Amino acid sequence: MKNLILGLFAMFMAVSVSAQYDPKALEILEAMSKKYKSIPAFEANITCNLSNDVDKVNEEFKGKITVKGDKFRMALPEQEVINNGATIWTYLPEAKEVNIDNYDPSSEDINPSKIHEVYKKGYKYLYLQDKTEGGVLCEEVDLVPEKKDAQYFKIKMFINKKEKTVQSFTLFDKGGNRYKYTISKFVPNAKIEDTYFTFDPKDYPGVEVIDLR
């Protein structure tokens, strides 16, 4: 256990030391950001994988993400998160419960509608290599937060080299957890009404509303 902890610490230090403001990484990230800004709305299937070698955790589940500007709706097996840019709803189907809160755009939480802009504030970035991910040739880029107390010590992104879209991204926390999100069936320019990004309790009979605002 001691060796494993030391190994994780050494890995963290190596990432911190090697990370920089790499011009090639910036060029890749800027092209990716420009691509997403040109898309009014998109839908995609996502595969989420949570792994932790120390705790021997390896869980996978599938979902769907819809994004339009600052708005997003992410449907996963155990919860659905809806954000209209001002309010965020977290719906738990099994509990028949929805939590309502104000959306804080300054929050350090990774926002699915802002993943293409996360590098712009508080991160160093480094291009690693061209690598095939999910059968697609991608550019591998690591983002490392400038703050030592950040929620995640690294974000690894695989960016489709041809399309300039995100193929996958992985969040690494200091507890040894890795949260990997893989994008598939990406549908750009989807026709989505703004009302899709709100939660109406009337459509969910018997739901308990917990307003945290």
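Going by the structure above, here's the rest.
Not measured: the values here are computed from a predicted model.

Definitions and cut-offs
- In this convention, every chain numbers its residues from 1, walking through the sequence in written order.
- Side-chain atom pairs in this predicted model are given and counted only at pLDDT of 80 or more, local residue features only at pLDDT of at least 70, and totals for whole chains, interfaces and linings cover all residues.
- Based on all heavy atoms of the structure, the side-chain values leave hydrogens and waters out of the count.
- Two aromatic rings from Phe, Tyr or Trp, using only the six-membered ring of Trp, form a pair when their centres are within 6.5 Å; if the ring planes differ by under 30 degrees the pair is stacked, by over 60 it is edge-to-face, and anything between is tilted.
- Secondary structure counts use DSSP, requiring at least four H or I residues in a row for a helix and at least two E residues in a row for a strand, with both numbered from the N terminus.
- Using a 1.4 Å probe on the protein chains alone, a residue whose accessible area is under 20% of its type maximum counts as buried, one over 50% counts as exposed, and one in between counts as partly exposed.
- Criterion used throughout: strands pair if DSSP finds at least two bridges between them.
- What counts as an axis is a line fitted to C-alpha atoms, over the stretch in contact for a helix, and the angles between N-to-C directions run from 0 to 180 degrees.
- Any pair of residues with heavy atoms lying within 4.5 Å of one another is described as a contacting pair.

Draft legend 1. View of the packing of aromatic side chains. Scanning all chains against the criterion turns up twelve aromatic pairs. With centroids separated by 5.7 Å and ring planes inclined at 75°, the aromatic side chains of Tyr-21 and Tyr-125 adopt a geometry described as edge-to-face. Taken as a pair, Tyr-21 in the loop between α1 (2-18) and α2 (23-37) and Tyr-125 in strand β7 (residues 123-133) lie far apart in primary sequence, 104 residues in all. The exposure class of Tyr-21 is partly exposed, given its relative accessible area of 45%. For Tyr-125, a relative accessible area of 11% translates into the label buried. Measuring from centroid to centroid gives 5.5 Å for Tyr-196 and Phe-197, while their planes differ by 80°, and the two rings are edge-to-face.

Draft legend 2. Representation of the sheet that holds strand β3 (residues 71-75). Strands sit in the order β7-β8-β9-β10-β11-β1-β2-β3-β4-β5-β6-β12 across an open sheet of twelve strands; the sheet is mixed. At either margin of the open sheet sits one strand with a lone partner, and together these are β7 and β12 (208-211). Between one strand axis and the next, the sheet turns through 20° on average, direction left out of account. When strand β6 (residues 97-102) meets β12, the two strands line up parallel, connected through four bridges.

Draft legend 3. View of unusual backbone geometry. Positive phi values are uncommon outside glycine, yet Lys-56 reaches one of about 55°. Within the secondary structure, Lys-56 is located in the loop between β1 (41-52) and β2 (57-68). Overall, Lys-56 belongs to the exposed group, its relative accessible area being 74%. Unlike most non-glycine residues, Asn-189 shows phi in positive territory, near 55°. Looking at the element boundaries, Asn-189 is found in the loop between β11 (178-188) and β12.

Draft legend 4. Layout of the environment of Thr-47. One can find Thr-47 in strand β1. Spatially, the C-alpha atoms of Thr-47 and Ser-184 are 7.9 Å apart, while their sequence positions differ by 137 residues. Apart from residues no more than four positions distant in its own chain, Thr-47 is found in contact with Glu-60, Phe-61, Lys-62, Lys-180, Tyr-181 and Thr-182.

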